Amino acid sequence: LIEIEEIDVGEMGVGFRVIYESESILGEPIEVSGLVVAPDLDASEPRPVLSLTHGTAGLADQCAPSRQEPLADLELIRPFIQAGWVVVASDFEGMGSDGIHHYLVGESEARGVFDIVRAAKNIDGIGAGGPLVVFGHSQGGHAALHAGQRWLQLAPELNLVGIAASAPPSQFPLLNLFLRSGAFQGYLVMVGASYSSAYPELDYETLVNPEYLPLLDELEKGCTGHIFDVFNPIPFEDLLTVDDIFSIPEWNARLIENDTNQRRLQVPTIILHGTDDEQVPFLASQLLFDQLCAFSDSAPIELKEYPGTNHTTSVTAYWGDLMNWSEERISGAPANDQCN
């Protein structure tokens, strides 16, 4: 821990904004912010931990979930706190701290997932030493899956017992086609700017039509809604100077390595997805499930669909299932493996 500030979470328990040490994908020391919430500071034994990974909020520091007033999702996590869990939530690298947020950069997200758990263990009386479940929706689903694929390399000392990923972005070439010239095209610009910041060999500005280059400054001036307002109206074929970013070898390599279908899962995993998702199509998770099952040494995987729900309404539809699944993981119950 570098800094800790107590915040009011009402009768739910105790809460803190924290800044903690982490490491960039280039091996450099960085500071990352986030939240820690627990029932109290009187833990007599290790408590289970939920590392909650946030969905897309933007790239600018002011979009960091830990900076929002009032805090989002407090009511959603209430059942976990009431059941005796500690909930931690990283803002991820570059959001709420120095640098540009490394949006959909898998290793960066995974480090954020694990390092805030390590930081929380240093808060006296909080008891954040029990079994760990990682859950995230949308961008958070991407982060959760990368944590489940990189656990043994990044944090083998943590007792990770389960990964729950809701509407996780995958099939990046498919998503590129699905999102362009639509209501969510701004996501693609966020990825381009993020990867250009994360990887020295990538330069997004050289791909953007000079007419629109000044608009890239808007990425740091507002959150997701602002980015959509700025970039969605631009015809995608006019935005970039190339027809297909995947045709550029160095871009293709980084995009594919950060997809969620490139590594085996190291712990039991459940994918939760609404069938009417308008932002990450359900087809993507169907394809992802088959791809992950193809790894001969993968941990158990389950895909659970929620008919008639979209990117937003699916969350309340599956929340009870998520809670039950998470409780099963910390109890040591065998996980369902639909691959078999």
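For the structure itself, look to the data block above.
Residues numbered from 1 in each chain as written. Predicted model: local features only at pLDDT ≥ 70, side-chain atom pairs only at ≥ 80, totals over all residues. Heavy atoms only, no water.

**Let's talk about the pattern of salt bridges**
Inference 1: Scanning all chains against the criterion turns up 14 salt bridges.
Inference 2: Glu23 is paired through a salt bridge with Arg111; the nearest N and O atoms lie 3.8 Å apart. Taken together, the positions of Glu23 in strand β2 (residues 14-23) and Arg111 in helix α2 (residues 106-120) put the pair 88 residues apart, joining distant regions of the chain.
Inference 3: Where Asp297 meets Arg264, a salt bridge forms, and the shortest distance between an N and an O atom there is 3.4 Å. Separated by 33 residues along the polypeptide, Asp297 in the loop between α9 (282-293) and β9 (301-306) and Arg264 in the loop between α8 (249-257) and β8 (269-274) bring together distant segments of the chain.
Inference 4: The class for Asp297 is partly exposed, based on a relative accessible area of 44%.
Inference 5: For Arg264, a relative accessible area of 26% puts it in the partly exposed group.
Inference 6: Residues joined in a network through salt bridges with shared partners are Glu5, Arg17 and Glu69. (Salt bridge = Lys/Arg side-chain N within 4 Å of Asp/Glu carboxyl O. Helix = DSSP H or I, 4+ residues; strand = E, 2+ residues; numbered from the N terminus. Buried < 20%, exposed > 50% of the residue type's maximum accessible area, 1.4 Å probe, protein only.)

**Some thoughts on the sheet that holds strand β5 (residues 86-90)**
Inference 1: Spatially, the nine strands line up as an open sheet ordered β1-β2-β3-β5-β4-β6-β7-β8-β9, and their pairing is mixed. Only two strands of the sheet have a single neighbouring strand rather than two, namely β1 (3-7) and β9. Direction aside, neighbouring strands of the sheet carry axes that sit 20° apart on average.
Inference 2: In terms of strand pairing, strand β4 (residues 49-53) meets β5 through three bridges, oriented parallel. Within the sheet, the bridge partner assigned to Leu50 lies in β5 and is Val87.
Inference 3: The sheet contacts of helix α10 (residues 313-331) involve β6 (132-137), β7 (160-166), β8 and β9, and relative to β6 the element is tilted by about 165°. (Pairing = 2+ DSSP bridges. Axes fitted to C-alpha atoms, helices over the stretch in contact; angles between N-to-C directions. Contact = heavy atoms within 4.5 Å.)

**Some remarks on the packing of aromatic side chains**
Inference 1: As enumerated under the stated definition, the model contains eleven aromatic pairs in all.
Inference 2: Note on Phe80 and Trp85: the rings are 5.2 Å apart at their centroids and 85° apart in plane angle, and the pair reads as edge-to-face.
Inference 3: On the basis of relative accessible area, Phe80 is assigned to the buried category, the value being 0%.
Inference 4: For Trp85, a relative accessible area of 0% gives the class buried.
Inference 5: With a centroid separation of 6.1 Å and 70° between ring planes, the pair formed by Phe135 and Tyr318 is classed as edge-to-face. Remark: Tyr318 occurs in helix α10 and Phe135 occurs in strand β6; sequence separation between them is 183 residues. (Phe/Tyr/Trp six-rings, centres within 6.5 Å; stacked < 30°, edge-to-face > 60°.)

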